[in-house]
Amino acid sequence: MTTRAPQVASAVMLPSSLEEAAAALATTPAAVPVAGGTDLMASVNAGLLRPTALVGLGRISEIRGWHYQDGHALLGAGLTHARMGRPDFAALIPALAGAARAAGPPQIRNAGTLGGNIITGDRTGDALPALAALEADLIIVGPDGALRELPVSHLLGGVDMLRTGELIGFVRAPLLHAPQVFMKATGRTGPGRAIASVALVLDPARRGVRCAVGAVGPAPMRPLEAEQWVASLIEWDAGRRLAPEALQAFGEYVAASCIPDPEEGTLPAAAQHLRRTVAALARRALGRALS
Ligand SMILES: Cc1cc2nc3c(=O)[nH]c(=O)nc-3n(C[C@H](O)[C@H](O)[C@H](O)COP(=O)(O)OP(=O)(O)OC[C@H]3O[C@@H](n4cnc5c(N)ncnc54)[C@H](O)[C@@H]3O)c2cc1C
C-alpha cells in the first residue's frame, strides 16, 4: 500500500510483514524504515533528515510481540517500551523491562520501540546496557528475506553494521530465570535521559554476574574483570549473599573500569562525580539482585 505524505517523503510504504518490508527496501533503496518515529521524526523536524520515502513498520504484527526458542525469547523489534514494561514481560526479562519503564515519558514509551532504540544507538538509550548485559543477538532480515545474526554488542561497538536494505526483525535474549536489575541516574527529577545507567543480570547456570554501564561512553561498557571477581565471591548454592564491603568494592571496581584514572594528572571533578554515580548504581544493582 502506498500513500502520499508530501511534507516528509514522496512515498510511504506500509508493509504488513517483514518479507514485504524487506522487499520495499530492496525496490526503493533510498527508503528509510520508521517504527514509532520518536527519534526519526525528531530528526526530520529539526531539518537533519529529509527521507524521500519511508517504510512504516507499524503494521507488521509479527514484530510487535515475542515467542520462545531454545531457552531464549525472540523479541520483535516493534515491541514498544510500554509493552516491555508490563508485568508479564518483566517476569521474563526484568532488566529490559526496567529499562523500558525508564525510557522517557509515557507518550514516548507508547510509541518508541526496541528496534528504534537499538538503531538510533544513542549513548543514553536505556535498552542498550540491558541488551549488552544479556549478551543479546539481533536477527537481521536482508533485502532478499535472508536472515543473519549479529551480537548487539557488535552493532553498538561499530564492529559490524546494518547493511543497505537490512532490518532488525528480532532480538534474541536468554531466559535466565534469575534476578536482573536496571538502574538509571538522570540530571533531573521525573523522566529524563541517563547520565549513567547500569544493567546487571545473574546467570546462575554459568555462575556468572554480567553488568553493563550505559551513557558514560559511546556504547555500553562491560567491566569484565569486576564481573569475574564478584562472581567468584558469591556462594551460588547457599543464599547468594555478599557482605556490604564486597558490594561497595564491586561498585568501585565497575566505576574505575569504566572511568579510569588518566595516565597523567587527576581525574577532573565532573568525571569523579560520574564515577561515584556509577559506583553507587553498580553497588545498589548488585545488592538488589542478591537480596
Ligand atoms: C522527548 C523524548 C524523550 C526520550 N527519552 C528517552 C529515554 O529516556 N530513554 C531512551 O532510551 N530513549 C528516549 N528517547 C528516544 C526514543 O524514544 C527511543 O530511542 C525509541 O526507542 C526509538 O524508537 P522508535 O520506534 O520511535 O524509532 P524511530 O524513530 O521510528 O526510528 C529510529 C531509527 O531506527 C530505525 N529503525 C527503527 N526500527 C527499525 C528496524 N526494525 N530495523 C532497522 N531500522 C529500524 C529508523 O530507520 C531510524 O533510523 C526519547 C525521545 C524523545 C523524543
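Conventions adopted
- Residues numbered from 1 in each chain as written.
- Predicted model: local features only at pLDDT ≥ 70, side-chain atom pairs only at ≥ 80, totals over all residues.
- Helix = DSSP H or I, 4+ residues; strand = E, 2+ residues; numbered from the N terminus.
- Rg over C-alpha atoms; globule rule 2.2 N^0.38 Å.
- Buried ≥ 20, exposed ≤ 12 C-beta atoms within 10 Å, placed from the backbone.
- Contact = placed C-beta atoms within 7 Å.
- Pairing = 2+ DSSP bridges.
- Axes fitted to C-alpha atoms, helices over the stretch in contact; angles between N-to-C directions.
- Near = placed C-beta within 6 Å.
- Nonpolar A, V, L, I, M, F, W, Y, C, P; charged D, E, K, R; others polar.
- Domains from an automatic or database assignment.
- Core = buried A, V, L, I, M, F, W, Y, C linked by C-beta atoms within 7 Å.

Visitor: Please give an account of the overall build of the chain that cites residues and values.
Guide: For the chain, the count of helices and strands is 12 helices and 12 strands. For the chain, the C-alpha radius of gyration of 20 Å lies close to 19 Å, the compact-globule estimate for 291 residues. Oriented by its inertia axes, the alpha-carbon framework of the chain measures out at about 60 × 45 × 35 Å. The proportion of buried residues among the 291 residues of the chain is 42%. Contacts spanning at least 24 positions in sequence make up 64% of the contacts within the chain whose residues lie at least 6 apart.

Visitor: Which residues make up the sheet that holds strand S12 (residues 208–214), and what are the values?
Guide: Paired through backbone hydrogen bonds, the strands of a sheet run either parallel or antiparallel to each other. Sheet architecture is open: 3 strands sit in the order S10-S11-S12, paired in antiparallel fashion. Bordering the open sheet on either side are strand S10 (180–186) and S12, each of which pairs with just one other strand. Sheet twist, expressed as the average angle between the axes of neighbouring strands with direction ignored, equals 10°. Both S10 and strand S11 (residues 194–203) contribute to a ladder of 7 bridges, which runs antiparallel. In the sheet register, Val181 faces S11, and the bridge partner there is Leu200.

Visitor: Go over the site of the ligand, please, and point to the residues and values.
Guide: Taken together, 30 residues lie around the ligand, and Gly36, Gly104, Gly112, Gly115 and Gly116 are the ones closest in. Listing elements by their share of the shell around the ligand, those giving two or more residues are strand S3 (32–34), helix H2 (40–45), helix H6 (106–111), helix H7 (114–120) and strand S9 (167–174). Of the residues belonging to the shell around the ligand, the class tally is 15 nonpolar, 12 polar and 3 charged. Both of domain 1 (2–56) and domain 2 (64–174) provide at least three residues apiece to the shell around the ligand.

Visitor: Tell me about the nonpolar core, residues and numbers included.
Guide: Of all hydrophobic cores here, the largest spans 86 residues; its most connected members are Ala95, Val254, Val278 and Ala282. Other than its neighbours up to four places away in sequence, Ala95 contacts Ala130, Ala133, Leu134, Gln180, Val181, Phe182, Ala199 and Val201.

Visitor: Could you give me a rundown of the pairing of strand S6 (residues 72–76), with the residues and numbers involved?
Guide: Relative to S6, strand S5 (residues 66–69) runs antiparallel, the two sharing 4 bridges. For Tyr68, the partnering residue across the bridge sits in S6 and is Ala73. Counted along the chain from S5 to the antiparallel partner S6, the turn is 2 residues long, and its residue Asp70 has a positive phi close to 50°. Summarising the sheet, S6 and S9 pair through 5 bridges and their orientation is antiparallel. Paired with Leu74 across the strands is Arg172, a residue of S9.

Any functional reading would require information beyond the geometric quantities listed.
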